[in-house]
Amino acid sequence: METYQVLAVIGVLIFIAFIFRNKKSTQKEINNLNEIEYASSSGMKFDDVAGNYEAKEKLQEIVDFIKYPEKYSRFNARMPKGVLLYGAPGTGKTLMAKALAGEAGVPFYAVSGSDFVQVYAGLGAGRIRNLFKKARKSGKSVVFIDEIDAIGKKRMNGNMRGSDEGDRTLNALLTEMSGFADDSGTVVVAATNRIDTLDSALLRPGRFDRQIEIMLPDRNARKDILELYLCKKKAKSAIDLDDIADMTVYFSGAMIENLINEAALRAIREDSDEISEEHIKKAYLEVLAGTEKKNRVENSRQKTVTSYHEAGHAFVSKHLMPDNKVVRVSVIPTSKGAGGYTLSTPIGDEVITKQRIKNQLAVLMAGRVAEEIFFGRDNITIGAQNDIEKATSLAVDYIAKYGMDDDSAFVNMGVLAEKLNISLVSVERSVKKLAAEIYDEVVDIIENNKGKVEKIANLLIEKEVINEEELNEIV
Ligand code: ADP
Ligand code: ZN
């Protein structure tokens, strides 16, 4: 009996000591974590960010908001509180946020969403409140939250996100954001590589309602980035930037910076006075060897195919629907997973007619058709996957929903199948027939205009992004 009692008392004592210790270390942890956040006048300017011209333009307005909030509150204009920068890693999102603070001349507070992932219960929310307390104390500021997806993931099926802690942290952030006044001159900038995974609560008005894509640099932007870093790092003026811009297709800004840095290290190792083209080219092979050797060849082959593919879309769009604006054709992959894209907007609210749907189907097919015509049936790529998905869905609607097919005019196939309890083989046949007919038409269009499509493709290979005027000139 006695020994049991003694053991029990010792047990309880150990337990209490354990709790006490744990509490103490949690407190210490809080203090440590708070010190990770830092404020600094970043000293960066938009000039330190090369390329990204459109994003800079959009952020220029935010600079004005921060500098002169009175100007906007006088008109009761709602100031943006949150700006979301999204795009591939290493494209300069953090750099851009720093430059925003630098341009506005306000302190820069930064945290990363990934720091919140494995913290003690309640700590994440506390850190958010602390961060904003500091920001408020300094008056105007830019608060930067990198990797916002780590705390702002989409809720699955409406309720579960998997972690209550993430919820609490996210809620604290949203509460803080709605807490500060519109004219406080504080702007929260968040960054993510994965906008598709974000909880839509984050994107609502009054939250991160300004969304700016930071894109992989196109050829021109790559030249700018090269120039920026070669200037900083002593380089021969005779370096052929065009050549290097070509080699670095699909590189991010960070990869280019790294390349020039490797070249500088090489120059130092060889005791040279300055960086030469040789150094860069050797560094390039070294950098790629670290990742994938074939990269260069693959990249340029991919770019060529994508250029013809997009040229097909762009040409057929202009050819069939001359009134459609083709705002931009690009062969730079987007952060939403497309290898390239042709961005077109119809003029006004056009009535959706049978002819219009057929034209849309033709435009969707034109990418694959161009690949087939210029590279051969056996060399078509997976690049049309998304086009095929969209076209199939549109063709099914054409037949089964809109009653536009001559063989089954004014019949909704879904209703028919349900009422009569029959299968839909006839729809399948009609969809395939429609698709095949339009495909053949597109083949004719491109065969008859091979020269023009090739011209567009070549311009894309050269410039990677072309605008409406350049396209019109060729078509
Ligand atoms: P992200 O936040 O998008 O992942 P960062 O801003 O951290 O990218 O970029 C990492 C580094 O890459 C920067 O510090 C800078 O040296 C370089 N960099 C990336 N994009 C650019 C750019 N557009 N202009 C100049 N430097 C860039
Ligand atoms: Zn396509």
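Residues numbered from 1 in each chain as written. Chains lettered and ligands numbered in written order. Predicted model: local features only at pLDDT ≥ 70, side-chain atom pairs only at ≥ 80, totals over all residues. Heavy atoms only, no water.

## Regarding the site of ligand 1
Then, in step 1: Residues in contact with ligand 1 amount to 17 residues; listed here are only the nearest, A50, G90, K93, T94 and Y229.
Then, in step 2: The contact in question runs from an oxygen atom of ligand 1 to an N or O atom on the backbone of L95, over 3.0 Å.
Then, in step 3: Within the contact set of ligand 1, an oxygen atom lies 3.5 Å away from a backbone nitrogen or oxygen of A254.
Then, in step 4: When ligand 1 sits alone it has 560 Å² of accessible area, and the protein chains cover 80% of it. (Near = heavy atom within 4 Å. Polar contact = N/O pair within 3.5 Å; in protein donor to acceptor, adjacent residues only side chain to side chain. Areas by Shrake-Rupley, 256 points an atom, 1.4 Å probe, with all protein chains shown as cover.)

## A word on the packing of helix α13 (residues 385-401) against helix α15 (residues 425-448)
Then, in step 1: Close contact between α13 and α15 brings their axes to 9 Å; oriented N to C, the two are set at 125 degrees. On the basis of the axis angle, α13 is oblique to α15. For the element pair α13 and α15, the recorded crossing hand is right-handed. Residues A395, V396, Y398, I399 and A400 of α13 touch α15, and the partners they reach there are V427, S430, V431 and L434.
Then, in step 2: A class-by-class count of the residues in the contact of α13 with α15 yields eight nonpolar, one polar and no charged. (Axes fitted to C-alpha atoms, helices over the stretch in contact; angles between N-to-C directions. Helix = DSSP H or I, 4+ residues; strand = E, 2+ residues; numbered from the N terminus. Parallel < 35°, antiparallel > 145°, perpendicular 65-115°, else oblique. Left-handed = near helix turned anticlockwise from the far one by under 90°. Contact = heavy atoms within 4.5 Å. Nonpolar A, V, L, I, M, F, W, Y, C, P; charged D, E, K, R; others polar.)

## Overview of the side chain of S330
Then, in step 1: On the secondary structure map, S330 appears in strand β7 (residues 325-330).
Then, in step 2: Of the residues examined, S330 reaches a relative accessible area of 2% and is grouped as buried.
Then, in step 3: When near neighbours in sequence (up to four residues on either side) are disregarded, S330 contacts E310, G340, Y341, L460, E464 and V465. (Buried < 20%, exposed > 50% of the residue type's maximum accessible area, 1.4 Å probe, protein only.)

## Some thoughts on the confidence of the model for the protein chain
Then, in step 1: Looking at the protein chain as a whole, the pLDDT averages 83, with 83% of positions reaching at least 70.
Then, in step 2: Per-element confidence in the protein chain is highest for helix α12 (residues 354-375), whose mean pLDDT is 96, and lowest for helix α1 (residues 2-36), whose mean pLDDT is 45.
Then, in step 3: Across residues 12-39, confidence stays below pLDDT 50; counting only partners more than four residues off in sequence or on other chains, it has 21 contacts.
Then, in step 4: Here residues 157-161 scores under 50 on pLDDT; set against residues more than four positions off or in separate chains, the count is 10 contacts. (pLDDT = per-residue confidence, 0-100.)

## Some words on the coordination of the zinc ion (ligand 2)
Then, in step 1: Around the zinc ion (ligand 2), the donor atoms from the protein are H309 (NE2), H313 (NE2) and D387 (OD), and they sit 2.0 to 2.1 Å away.
Then, in step 2: Taken in chain order, the donor set of the zinc ion (ligand 2) reads H-x3-H-x73-D. In this pair, H309 is assigned in helix α11 (residues 295-320) and D387 in helix α13, connecting sequence segments 78 residues apart. Here the two residues H309 and D387 agree in accessibility, since each one is buried. (Donors = N, O, S within 2.8 Å, 3.2 Å for Na, K, Ca; no water.)

## Focus: the nonpolar core
Then, in step 1: Grouped together as the largest cluster of nonpolar side chains are 43 residues, with contacts concentrated most on V316, L361, V442, I446 and I456.
Then, in step 2: Contributing elements (two or more residues each) for this core: α11, β7, α12, α13, α15, α16 (450-463) and α17 (468-474).
Then, in step 3: With 11 residues, α12 is the largest single contributor of residues to this core.
Then, in step 4: Once you skip the residues sitting within four places of it in the chain, V442 turns out to touch V316, A362, M365, A366 and V369.
Then, in step 5: Formed by 28 residues, the second largest nonpolar core is a distinct cluster that contains A55, L59, Y72 and V142. (Core = buried A, V, L, I, M, F, W, Y, C linked by side-chain atoms within 4.5 Å.)

## Points about α16
Every α-helix winds through 3.6 residues per turn, so residues three or four apart in the chain are directed the same way.
Then, in step 1: In a regular helix each residue adds 1.5 Å, so 14 residues correspond to 20 Å; α16 covers 20 Å between its end C-alpha atoms and thus fits that length.
Then, in step 2: The complete set of buried residues in α16 reads V453, I456, A457 and L460. Projected down its long axis, α16 shows its buried positions confined to an angular sector of 100 degrees, all on one face.
Then, in step 3: Positive backbone phi, approximately 70 degrees, marks E464, located one or two places after α16. (Expected span 1.5 Å × (residues − 1). Arc of directions from axis to C-beta.)

## Points about the pairing of strand β2 (residues 82-86)
Then, in step 1: Taken across its five residues, β2 has five buried, putting it largely inside the fold.
Then, in step 2: Burial along β2 is two-sided: the residues G82, L84 and Y86 and V83 and L85 are all buried.
Then, in step 3: Here β2 runs beside strand β5 (residues 186-192); their pairing, made up of five bridges, is parallel. Each bridged residue has a counterpart across the sheet, and for V83 the counterpart in β5 is V189. (Pairing = 2+ DSSP bridges.)

## Topic: a negative patch on the surface
Then, in step 1: Where like charges cluster on the molecular surface, the negative patch consists of E437, D440, E441, D444 and E447.
Then, in step 2: By secondary structure assignment, the location of E441 is in helix α15. (Patch = residues over 30% accessible without salt bridge, like charges linked within 9 Å, V, L, I, M, F, W, Y side chains within 5 Å. Salt bridge = Lys/Arg side-chain N within 4 Å of Asp/Glu carboxyl O. Lys, Arg positive; Asp, Glu negative; His and termini not counted. Charge placed at Lys NZ, Arg CZ, Asp CG, Glu CD.)

## Describing the pattern of salt bridges
Then, in step 1: Applying the stated criterion across every chain yields a total of 19 salt bridges.
Then, in step 2: Across the pair E372 and R377 runs a salt bridge whose closest N-O atoms are separated by 2.9 Å.
Then, in step 3: Connected through salt bridges with shared partners, the residues R219, K223, D242 and D246 form a single ionic network.

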